[in-house]
Amino acid sequence: MFVLAATGSAVGLGNIWRFPYITAENGGGAFVLVYLVCILLIGVPILAAELSIGRRARRSPVNALRSLARSDSGGRYWWLFGYLGMGAGLLILSFLSVIAGSAMAYMVRTAGGVFEGVTARGAESIFIGLIGDPERLLAWHTLFMAMTTVIVARGVRLGLEWAAKYLVPVFFLLLLLLVLGGYLFHPEAFWQGVGLLFYPEFSALTANGILVAMGHAFFTLSLGMGVMIIYGSYLPAGTHIGKMSLAVAATDTLAALLAGLAVFPWVLGSGLEMGIGPGLVFQTLPVAFGQTPAGSWFGALFFLLLVIAALTSAISLFEPTVAWLVENKSMGRPRAAAWVGGGAWLAGILTVMSLGPWAFDFQFAGELRVKGMFDILDILTSVIMLPAGGLAVALFAGWVLYRSRTLEALGKDGVRFRLGYLVLRYVTPLSLAAIFVHTIGVI
Ligand code: PHE
């Protein structure tokens, strides 16, 4: 069951909103290839490390790091990374909820035919109309956060597992429908999309692209903030963690590739520009849907897909902090969920305001340019806090925990374990260090 819950956490906005445009921007197939290597070399080892830390300790991330450091080879301050993860998770939750809320607004609008025959200009002004209207955005943000809080408050069984059991299959069904729709309405563009995803154009791949792939591998598997530690703590003793990590990574990758196949045909088939960045989903795609017969329906389904994807991820972002409140502050679960939901809701107001009234534009010394609080939060979390958390987990699992105990937790010794362990100790930390150095350069 927790394979599904972990899949639900992993499959999210990263797959549907981010993956298609970063792929289009960075040379298609070549980027996908690098991304796959990153998933295998960075993603899977850290995922397995987090799950096994959780299952060994059976506690919230902060307490898991503290107790395992004590029982194995030591180190006093590892638990600090538990707090770092909690902080990153809450910040991500705060803006994810605003994006998910916007997707809900778009679901209603596309279904109502607002985008039929709309021009790029028109779509842009509709988008600005939403994000520039704090009251509206706040209402959607509140609704999404309330939904998530209720699910989390219901508990691990009735909340998390229930949501994963129903929402993840629905998600894949919708995704397949959209791919099918793209194929039926834009058969030529569909094959162009396939080419884009699988034909490696190495000349379009830059060093920056490689680092984007690494960072994304990280984000898309929900690593670096203790989410997978807490999910690991719910895993039954018999689950084979190595296999499970591979299964989650494979399903997540499949979802990303399918999302590419669901998005590209509509955009390419309508003769629109592909590499336009984060606006792909909210500005370009509605134009594409608006130009296609029955596009409104597919549009509404697409935004529903986005909402479901965000919901199962958001649930998982609550979990490290909820578990910590339950353990350390002896709170009941519903109260803990209310605190986390309330806190993240409050923080989300920053994003709401920053998209409209409080927008500003700031150019750092390097390439980095931020347009308000939302960008700052996004960069702070996915570029700095998550890789830092991931690096800590890799070092913790590879160097602090005793190898024999990790082996015991993971099952049998073999080539696969030895290889994975080697990667975790050397390749993963070095790659993450490279991300950091690059990031500093960009800022
Ligand atoms: N993995 C999710 C995605 O791909 C995002 C996420 C990050 C969810 C971190 C939970 C924790 O969109």
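Residues numbered from 1 in each chain as written. Predicted model: local features only at pLDDT ≥ 70, side-chain atom pairs only at ≥ 80, totals over all residues. Heavy atoms only, no water.

**Overview of the overall build of the chain**
Where we set the bar: Note on conventions: DSSP H or I runs of at least 4 residues are helices, E runs of at least 2 residues are strands, and numbering of each starts at the N terminus. Throughout, the radius of gyration refers to the C-alpha atoms, and the reference size of a globule is 2.2 Å times the residue count to the power 0.38. A simple rule labels every residue: compare its accessible area, found with a 1.4 Å probe on the protein chains alone, to the largest value its type can have, and call it buried under 20%, exposed over 50%, or partly exposed in between. Residues count as neighbours in contact if any of their non-hydrogen atoms are within 4.5 Å of one another. Here, Shrake-Rupley sampling with a 1.4 Å probe gives the accessible areas, and only protein chains in the shown set may cover a residue. For the purpose of charge, His is not counted, nor are the chain termini; Lys and Arg are scored as positive and Asp and Glu as negative. A charged residue contributes its charge at one atom only: NZ of Lys, CZ of Arg, CG of Asp or CD of Glu.
Each helix and strand in the chain was counted, giving 18 helices and 2 strands. A compact globule built from 443 residues should have a C-alpha radius of gyration of about 22 Å, and the chain, at 21 Å, falls within 12% of that. Each of the 443 residues in the chain was classed as buried or not, and the buried ones make up 57%. Once local pairs closer than 6 in sequence are excluded, the contacts in the chain between residues at least 24 apart make up 80%. In the form shown here, the chain has an accessible surface area of approximately 17600 Å², with 69% of it arising from carbon and sulfur atoms. On the chain, the mean spot of the 26 positive side-chain charges and the mean spot of the 20 negative ones are 15 Å from each other.

**Side note on the site of the ligand**
For clarity, the cut-off: We define proximity as follows: a residue is near a molecule or strand when any one of its heavy atoms falls within 4 Å of that partner. N or O atoms closer than or at 3.5 Å make up a polar contact, with two conditions inside protein: a donor-capable atom paired with an acceptor-capable one, and, for residues adjacent in sequence, both atoms drawn from side chains. Note on residue classes: Ala, Val, Leu, Ile, Met, Phe, Trp, Tyr, Cys and Pro are nonpolar, Asp, Glu, Lys and Arg are charged, and everything else, Gly too, is polar.
In the neighbourhood of the ligand, 13 residues make up the surrounding shell, with A10, L13, G14, F219 and S222 lying closest. Taking S9, its main chain carries an N or O atom lying 3.3 Å from a nitrogen atom of the ligand. Taking L13, its main chain carries an N or O atom lying 3.0 Å from an oxygen atom of the ligand. If the ligand stood free it would expose 320 Å²; the protein chains cover 100% of that surface. Contributions of two or more residues to the shell around the ligand are made by helix 1 (2–10), helix 2 (13–25), helix 10 (207–220) and helix 14 (295–328). The residue makeup of the shell around the ligand, split by class, is 5 nonpolar, 8 polar and no charged.

**Observations concerning helix 14**
Our working definition: One less than the residue count of a helix, multiplied by 1.5 Å, gives the span that helix is expected to have. What the bend at a residue measures is the angle between two axes, fitted to the seven residues ending there and to the seven starting there.
The end-to-end C-alpha distance of helix 14 is 50 Å, a good match for the 50 Å that 34 residues give at a rise of 1.5 Å each. Remark: the principal bend of helix 14, roughly 35°, maps to E319, with a proline, P320, within the next four residues. The buried count for helix 14 comes to 28 of 34 residues, which makes it a mostly enclosed element. Backbone geometry just after helix 14 places S330 at a positive phi near 35°.

**Considering the environment of A337**
Mapped onto the fold, A337 is located in helix 15 (residues 333–355). C-alpha separation for the pair A337 and V152, spaced 185 residues apart in sequence, amounts to 6.2 Å.

**A look at the confidence of the model for the chain**
Applicable threshold: The pLDDT value expresses, per residue, how confident the predictor is, ranging between 0 and 100.
The predicted model of the chain averages 88 in pLDDT, with 94% of residues at 70 or higher. Taken element by element, the predicted model of the chain shows its lowest mean pLDDT in strand 2 (residues 369–370) (58) and its highest in helix 7 (residues 134–153) (96).

**Focus: the environment of G101**
Of note, G101 is situated in helix 5 (residues 79–111). With relative accessibility at 0%, the residue G101 sits in the buried group. Distance from G101 to A139, taken between C-alpha atoms, is 8.2 Å for residues 38 residues apart in sequence. If we skip the residues at most four places from it in the chain, G101 touches W140, H141 and F144.

**Some details on the packing of helix 7 against helix 15**
Geometrically, a packed helix pair is captured by the angle between its two axes and the distance between the axes. Definition in use: Here, axes are lines fitted to C-alpha atoms. For helices the fit covers the stretch in contact, and angles between N-to-C directions go from 0 to 180 degrees. Relative orientations are named as follows: roughly parallel for angles under 35 degrees, roughly antiparallel for angles over 145 degrees, roughly perpendicular for angles from 65 to 115 degrees, and oblique for any other angle. Should the near helix be turned counterclockwise from the far one by less than a right angle, the crossing is left-handed, whereas a clockwise turn marks it as right-handed.
Where helix 7 meets helix 15, the axes come as close as 9 Å, and the angle between the chain directions of the two elements is 160°. Classified by the angle between their axes, helix 7 and helix 15 sit roughly antiparallel to one another. Considering how the two elements wind past one another, helix 7 and helix 15 form a crossing that is right-handed. In this structure, helix 7 contributes P134, L137, L138, H141, T142, M145, T149, V152 and A153 to the contact, and helix 15 contributes R333, P334, A337, A338, G341, A344, W345, G348, I349, V352, M353 and L355. For the contact of helix 7 with helix 15, the residue count by class is 15 nonpolar, 5 polar and 1 charged.

**A few points about the pattern of salt bridges**
Operational definition: When a carboxyl oxygen of Asp or Glu is within 4 Å of a side-chain nitrogen of Lys or Arg, the pair counts as a salt bridge.
By the definition in use, this model includes 4 salt bridges. In this structure, R56 and D72 form a salt bridge, with 3.0 Å as the shortest nitrogen-oxygen distance. Residue R56 is found in helix 3 (residues 29–57), and its partner D72 is found in the loop between helix 4 (61–71) and helix 5; the two are separated by 16 residues along the sequence. Look at R56 and you get partly exposed, because its relative accessible area is 26%. The exposure class of D72 is buried, given its relative accessible area of 5%.

**Let's talk about helix 9 (residues 187–198)**
Each α-helix turn comprises 3.6 residues. Residues three or four places apart therefore point the same way. Put simply, the rule reads: This arc describes the spread of directions from the helix axis toward the C-beta atoms.
Along its 12 residues, helix 9 runs 17 Å from first to last C-alpha, staying within 8% of the 16 Å computed at 1.5 Å per residue. Listed as buried for helix 9 are A189, F190, G193, V194 and L197. All buried residues of helix 9 lie within an arc of 150° about the axis, which places them on one face of the element. Turned more than 90 degrees off the buried face of helix 9, the exposed positions are E188 and W191.

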